[in-house]
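Summary of the model geometry
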Amino acid sequence: MPSKSSSETQMIGVVGMGSFGTAVANMLAEKNPVLVYARKEEVVREINETHTTSGRKVHPDILATFDPEELCRRCNILFFMVPSAAYFEVIRKFAPFLYPYHLIIHGTKGLALNLEEGQTLEKIEKLKREQILTMSEVILQETVAVRVGCLAGPNISTELILGHPAATVIASHYNEVILEGQRLLRSERFQVYGNSDIIGVELSGVLKNIIAIAAGALAGLGLGENAKGLLISRGMVEMVHLSKALGGSVQSVIGLAGVGDLVTTCNSVHSRNFTVGYRLAKGEPLAQILNSMEEVAEGINTIRIVNAFIKTAGLRAPITENLYRVLFEDLQIEEALQFLMKYPFSVDVDFV
Ligand SMILES: NC(=O)C1=CN([C@@H]2O[C@H](COP(=O)(O)OP(=O)(O)OC[C@H]3O[C@@H](n4cnc5c(N)ncnc54)[C@H](OP(=O)(O)O)[C@@H]3O)[C@@H](O)[C@H]2O)C=CC1
Ligand SMILES: O=C(CO)COP(=O)(O)O
């Protein structure tokens, strides 16, 4: 294992300079030198020369590289901030340069599939839990890294970039990962909580995107705040049951990364998932919405994966199932709403 000089150990690496990666890199740069990785040479040049990317300000002390080996050599602590769809590709690019001493925290609110070559979700009959991976599971499967954590919470990047007060959860089985995350990110404007249930925290961030799409649809239909309160509360119950089935704890869902992020995302026009639901309710086809969006709305792929999983597991998740039919079959949003209003939910809270 290569040794490292002490002057280099404080440089923090960030992979992915999209909207969230940029917000987190800027916060990290308030305390430590930061080296960011972007795959495109022009993005690296723009960051190094103009301290901007995609119109966003980049902290002047941030340096950029498109060399994964350089990032891994110079940084012990790495934040991976790329969408789930790119995860295997990105992690495999970095894996040859990662060692067990690296500490990795990711901020991705999506799932990946662990299928055999040539298999797709559409082709397989059953989708079992072991075929679904959270991003920490991808990192552990694909690299020799051990100390892995995630970062999740109500963290709309446009608000973080403005310096508005916010908080997040760093979750890991390793207390040192939580402590490092807190040391690096905590400030007067940003509070950092810890949680040892990494799967539950990851799933909270993943599953709230489904409910945020539904919240956007309610807003698009102009159905008001009572309907939103109903959705958020039933959405939380659905998240609890799905998270438990996938290996998360109830506590994580009712904490900041679950309910906290659920409330934020269901109320924010800055949320991409909320926006997808809103535009669907206004009559735009999904393909048109996706073609025009430059940033990722993780909830769409999450609905595909979770819908396949619940069918295999024999579970019911009425909001997810109905959204699946709206997105991928020909159910109209108004019909989905009617179905949900008639659904025989009878117990208010059935998980404590
Ligand atoms: N935005 C937000 O408010 C928040 C987002 N998140 C989560 O963070 C994750 C990232 O979101 P966000 O930053 O908003 O996404 P964006 O779409 O804004 O940015 C994605 C970034 O990933 C990079 N990327 C994509 N594919 C690859 C690849 N194959 N190799 C290398 N780099 C790649 C993109 O680079 P390129 O420009 O080259 O395509 C871009 O820098 C998502 O899972 C999201 O749910 C979590 C909390 C808040
Ligand atoms: O997760 C987020 C805020 O916490 C961002 O949500 P969107 O991905 O829907 O924009």
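Residues numbered from 1 in each chain as written. Chains lettered and ligands numbered in written order. Predicted model: local features only at pLDDT ≥ 70, side-chain atom pairs only at ≥ 80, totals over all residues.

**Examining the packing of helix 14 (residues 299-313) against helix 15 (residues 318-328)**
- Their axes nearest at 9 Å, the elements helix 14 and helix 15 cross at an angle of 120°. The orientation of helix 14 with respect to helix 15, classified from their angle, is oblique. With respect to the hand of their crossing, helix 14 and helix 15 are arranged in left-handed fashion. Within the contact between the two elements, helix 14 uses Ile300, Ile303, Val306, Asn307 and Ile310 and helix 15 uses Thr320, Glu321, Leu323, Tyr324 and Leu327.
- Looking at the contact of helix 14 with helix 15 residue by residue, the class counts come to seven nonpolar, two polar and one charged. (Axes fitted to C-alpha atoms, helices over the stretch in contact; angles between N-to-C directions. Helix = DSSP H or I, 4+ residues; strand = E, 2+ residues; numbered from the N terminus. Parallel < 35°, antiparallel > 145°, perpendicular 65-115°, else oblique. Left-handed = near helix turned anticlockwise from the far one by under 90°. Contact = placed C-beta atoms within 7 Å. Nonpolar A, V, L, I, M, F, W, Y, C, P; charged D, E, K, R; others polar.)

**So, the site of ligand 2**
- Taken together, the neighbourhood of ligand 2 is formed by 14 residues, with Asn155, Ile156, Ser271, Arg272 and Asn273 sitting nearest.
- When contributions to the shell around ligand 2 are tallied by element, the ones reaching two or more residues are helix 8 (198-221), helix 11 (256-267) and helix 12 (272-281).
- A breakdown of the residues in the shell around ligand 2 according to their chemical character gives four nonpolar, six polar and four charged.
- No fewer than three residues from each of domain 1 (12-196) and domain 2 (200-342) sit in the shell around ligand 2. (Near = placed C-beta within 6 Å. Domains from an automatic or database assignment.)

**Description of unusual backbone geometry**
- A positive phi angle, close to 55°, is found at His51, a residue other than glycine.
- One can find His51 in the loop between helix 2 (41-50) and strand 3 (52-53).
- The backbone of Ser54 sits at a positive phi, close to 45°, despite the residue not being glycine.
- Within the secondary structure, Ser54 sits in the loop between strand 3 and strand 4 (56-57).

**Section: the sheet that holds strand 7 (residues 103-106)**
- Taken together, the eight strands give an open sheet; going across it, the order is 5-2-1-6-7-10-11-12, and neighbouring strands pair in mixed fashion. Whereas interior strands pair on both sides, the edge strands pair on one side only; in this sheet they are strand 5 (62-65) and strand 12 (190-195). When strand polarity is set aside, the average angle formed by the axes of neighbouring strands in this sheet is 25°.
- In terms of strand pairing, strand 11 (residues 166-172) meets strand 12 through six bridges, oriented parallel. Considered in strand 12, the bridge of Ile170 is made with Gly194.
- Its contacts with the sheet put helix 2 on strand 2 (34-37) and strand 5, and the angle it makes with strand 5 is roughly 160°. (Pairing = 2+ DSSP bridges.)

**Observations regarding the UniProt feature "domain: Glycerol-3-phosphate dehydrogenase NAD-dependent C-terminal" (unreviewed entry) in the protein**
- Here the UniProt feature "domain: Glycerol-3-phosphate dehydrogenase NAD-dependent C-terminal" (unreviewed entry) sits at residues 197-337.
- Counted over residues 197-337, helix gives 79% and strand 0%. Its end C-alpha atoms are 33 Å apart. (UniProt positions renumbered as here; feature names shortened; annotations may be inferred.)

**Here's the deal with the site of ligand 1**
- Neighbouring ligand 1 are 26 residues, the closest being Gly18, Phe20, Ala86, Lys109 and Ser157.
- Of all elements in the fold, only helix 1 (19-29) and helix 4 (87-94) reach the threshold of two or more residues within the shell around ligand 1.
- For the shell around ligand 1, the leading source of residues is helix 1, giving three residues.

**Structural notes on the environment of His164**
- With respect to the helices and strands, the residue His164 is situated in the loop between helix 6 (157-161) and strand 11.
- C-beta crowding within 10 Å serves as the criterion here: with 11 such atoms nearby, His164 is assigned to the exposed category.
- When the C-alpha positions of His164 and Phe190 are compared, they lie 8.5 Å apart, and in sequence the two are 26 residues distant. (Buried ≥ 20, exposed ≤ 12 C-beta atoms within 10 Å, placed from the backbone.)

**A look at the UniProt feature "domain: Glycerol-3-phosphate dehydrogenase NAD-dependent N-terminal" (unreviewed entry) in the protein**
- When the UniProt feature table is mapped onto this chain numbering, "domain: Glycerol-3-phosphate dehydrogenase NAD-dependent N-terminal" (unreviewed entry) sits at residues 12-176.
- Secondary structure content for residues 12-176 is 31% helix and 25% strand, and the end C-alpha separation is 16 Å.

**Side note on the domain arrangement of the protein**
- Partitioning the protein into domains gives domain 1 (12-196) and domain 2 (200-342).
- Between the C-alpha centres of domain 1 and domain 2 there is a distance of 24 Å.
- For the side of domain 1 that touches domain 2, the secondary structure elements donating two or more residues are helix 5 (135-142), strand 10 (147-152), strand 11 and strand 12.
- The element best represented in the side of domain 1 that touches domain 2 is strand 11, accounting for three residues.
- Of the residues belonging to the side of domain 1 that touches domain 2, the class tally is 16 nonpolar, nine polar and four charged.

**What to know about the confidence of the model for the protein**
- Per-residue confidence for the protein averages 95 on the pLDDT scale, and 97% of its residues sit at or above 70.
- Scored below 50 in pLDDT, residues 5-9 makes three contacts in the model with residues more than four places away or belonging to other chains. (pLDDT = per-residue confidence, 0-100.)

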